[in-house]
Amino acid sequence: MRTGLNTTAADRKWGMLSLLFIVVFAFVLRGVTNITARGPIFDERWITRPIADLIRNGWSIDRAIDFQETKGPALIWPYAVGGAMLIDDPKEVAGPDAPAGGKRGRAPEAWDPPIIGGPAPAPPQMLSALRLISILCFALAVIPLLILASACGIRGPPLLLVTVLFALLPQLAILGQLVMGEISFVLIALVMLAVVAWGCGVGNGTRHPVAGPVLYAILLAVLLHSRVHAAPFAVAVALATFQRESWRSWPWWVASLAGGLLRLPLWVRWGGPVSSDFQQLHGVGLRLESLTYLAAAMVLPLGIFLLAWCLKRKSGRWWWLPLAGMGVGAVLGVAAPIDFTVPEALDLQLLQDWYLGTAATAASMLGGEGVGRAIVLGLMAVVGLGGLGALLAASLEQPARTVAGLVLQIQSFAITCGWLMYAITRGFVFDRYLLVWCVALPIAWVLLLPRVLVAIQIVPLLAAFVWFTYTWLY
């Protein structure tokens, strides 16, 4: 087991090979698909509006802070600065010959302002430049990931395996080709985890008791100014450091609190977690159905841990967690079934609960409509939460005062707390919301699973990657 964040020459060689792989992977994906000839896809029609407005009309309080979007300034500002440097014509408009957007290029209206009178999405050349920034974030995220992997004791060729698994994280590579909030969030979150690991070090005490928590608090505040999905990391870091140092971990608790408090001014200014136009789509309120849906969505990334637990011959102190997870999943499947009704149109003035993504598609394909679909989704929730329980059990069995134990516990706590957070939210729920809490999952797969199970896990990940690529990039 490595004892810090220092890397060996062999690790650096495999790290460079891994970085080369991710760069080639990203640009090959861009080149062999139709993404360069597509208009706005996914949420690009919405996200690029405030970015394009800053590039077109310059910076002001209204455009830089009081814009209308579900994401925060930490996403909008870097894209606006980078996009302004990459484009030649800030006044570009989308003409009649602009390529259609949407799924498989079937939405020519994607260039129109989605809110009448509001900013228009980024036009073709600007959109292409902004997408290059996403590719840069996707590639750079591998650097802190590999530093963490090496510090956790992953050496040599398995470092490349971690990179491959990172590229196959559900939807990540596809979102890395687009202007979406997840990809820059993943980059900053991995840097933040590396800072926490560096600050804690190995053994008793915190190696950097001032610089570590301070840098962590700053990065947490940045993440929270990107999207509120960063909040579970604050709890996860506090819990993991408490497991490691008990009450001597108080600087990390204070840092978590400070990072959270720095988000309050924007919450007050906006009057909620998102800007005013979108508070019916993303608000606060009790809703257990969200837990059911996200539990079902955990099957793809976490179900393999339940299989590993079932195959394990000896049980540890936390052997009961997978059983508890499956029990909770069964109760949710019965007590909080999902209403899959999709409204005919998006209305920003109405509270609309939508559940969309791979889990919903799989449940419909396997169970059809009605009761069959509900049963399939309930079974998926059982497996998904069983997998989360197995991941929690495996991470808690790791020595808490090693980098590997710290990273694995932060990862498992982040997913758990993120999932629980959705019990008090209203609005849209997508499978990809899980992605932002799974940033260190490639490390967990390699550290905790036998190689044969890693190979098995690659199969559905690869299938999902192909399906998402075909659906959204062709």
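Going by the structure above, here's the rest.
On a predicted model such as this, the values are computed, not experimentally measured, just so you know.

Quick word on the packing of aromatic side chains
Reasoning step 1: What the rule picks out here adds up to 19 aromatic pairs.
Reasoning step 2: Ring centres 6.4 Å apart and planes at 40° place the aromatic pair phenylalanine 185 and phenylalanine 233 in the tilted group. In this pair, phenylalanine 185 is assigned in helix α9 (residues 181–200) and phenylalanine 233 in helix α11 (residues 231–245), connecting sequence segments 48 residues apart.
Reasoning step 3: Residue classification places phenylalanine 233 among the buried positions, given a relative accessible area of 1%.
Reasoning step 4: One aromatic cluster is present, formed by Phe21, Phe25, Phe138, Phe166 and Phe465 through successive ring pairs.

Notes on the layout of surface pockets
Reasoning step 1: Within this model, the second largest pocket holds a volume of roughly 420 Å³.
Reasoning step 2: In terms of lining, the second largest pocket is formed by 23 residues, of which the most central are Leu300, Thr358, Ala359, Asp431 and Ala464.
Reasoning step 3: Those elements that place two or more of their residues in the lining of the second largest pocket are α14 (289–297), α15 (299–311), α17 (358–367) and α21 (451–473).
Reasoning step 4: Residue contributions to the lining of the second largest pocket peak at six residues, all from α17.

Focus on the nonpolar core
Nonpolar side chains tend to gather and get buried jointly when the protein is soluble and globular.
Reasoning step 1: Ranked by internal contacts, the top residues of the largest apolar core, which has 159 residues, are Phe138, Phe166, Tyr216, Phe305 and Leu441.
Reasoning step 2: Counting residues per element, this core draws most heavily on α9, at 14 residues.
Reasoning step 3: If we ignore the near neighbours within four places in the chain, the residues touching phenylalanine 305 are Gly387, Ala390, Leu391, Leu441, Ala444, Trp445, Leu448 and Leu449.

With respect to unusual backbone geometry
Reasoning step 1: Positive phi, close to 55°, is recorded for phenylalanine 42, a residue that is not glycine.
Reasoning step 2: Checked against the element boundaries, phenylalanine 42 lands in the loop between α1 (9–32) and α2 (44–57).
Reasoning step 3: Look at phenylalanine 42 and you get partly exposed, because its relative accessible area is 22%.
Reasoning step 4: In this model, glutamine 171 sits at a positive phi of 75°, which is unusual for a non-glycine residue.
Reasoning step 5: By the element assignment, glutamine 171 lies in the loop between α7 (157–167) and α8 (172–175).

Focus: the environment of tryptophan 445
Reasoning step 1: Position of tryptophan 445 relative to the elements: it lies in helix α20 (residues 441–448).
Reasoning step 2: Given the relative accessible area of 0%, tryptophan 445 is considered buried.
Reasoning step 3: C-alpha of tryptophan 445 to C-alpha of glutamine 457: the two residues are 12 residues apart in sequence and 8.6 Å apart in space.
Reasoning step 4: Sequence-distant contacts of tryptophan 445, that is, excluding residues within four places in its chain, are made with Leu165, Leu169, Pro301, Ile304, Phe305, Val454, Gln457 and Leu461.
Reasoning step 5: A polar contact is formed between the side chain of tryptophan 445 and the backbone oxygen of proline 301, at a distance of 3.2 Å.

Concerning the packing of α17 against helix α18 (residues 371–396)
Reasoning step 1: Relative orientation of the contacting elements α17 and α18 amounts to 125°, with a least axis distance of 8 Å. Here α17 lies oblique to α18, going by the angle between them. Classified by chirality, the crossing of α18 by α17 is right-handed. Together, Ala359, Ala362, Ala363, Ser364, Leu366 and Gly367 of α17 and Gly372, Arg373, Val376, Leu377 and Met380 of α18 make up the contact between the two elements.
Reasoning step 2: Broken down by class, the residue content of the contact of α17 with α18 amounts to seven nonpolar, three polar and one charged.

Concerning the side chain of threonine 70
Reasoning step 1: Relative to the helices and strands, threonine 70 is located in the loop between α3 (61–64) and α4 (73–86).
Reasoning step 2: With relative accessibility at 16%, the residue threonine 70 sits in the buried group.
Reasoning step 3: In this structure the side chain of threonine 70 is engaged in a polar contact, spanning 3.3 Å, whose partner is the side chain of glutamate 69.
Reasoning step 4: Side chain to side chain, threonine 70 and lysine 71 meet in a polar contact 3.1 Å long.
Reasoning step 5: Aside from chain neighbours lying at most four places away, what touches threonine 70 is Val274, Phe278 and His282.

Conventions used here
Residues numbered from 1 in each chain as written. Predicted model: local features only at pLDDT ≥ 70, side-chain atom pairs only at ≥ 80, totals over all residues. Heavy atoms only, no water. Phe/Tyr/Trp six-rings, centres within 6.5 Å; stacked < 30°, edge-to-face > 60°. Helix = DSSP H or I, 4+ residues; strand = E, 2+ residues; numbered from the N terminus. Buried < 20%, exposed > 50% of the residue type's maximum accessible area, 1.4 Å probe, protein only. 1 Å grid on protein atoms, 1.4 Å probe; cavity = no way out; pocket = protein on both sides within 12 Å on 5 of 7 lines; lining within 4 Å. Points joined across faces, edges and corners; volume = space filled by probe spheres on them. Core = buried A, V, L, I, M, F, W, Y, C linked by side-chain atoms within 4.5 Å. Contact = heavy atoms within 4.5 Å. Polar contact = N/O pair within 3.5 Å; in protein donor to acceptor, adjacent residues only side chain to side chain. Axes fitted to C-alpha atoms, helices over the stretch in contact; angles between N-to-C directions. Parallel < 35°, antiparallel > 145°, perpendicular 65-115°, else oblique. Left-handed = near helix turned anticlockwise from the far one by under 90°. Nonpolar A, V, L, I, M, F, W, Y, C, P; charged D, E, K, R; others polar.

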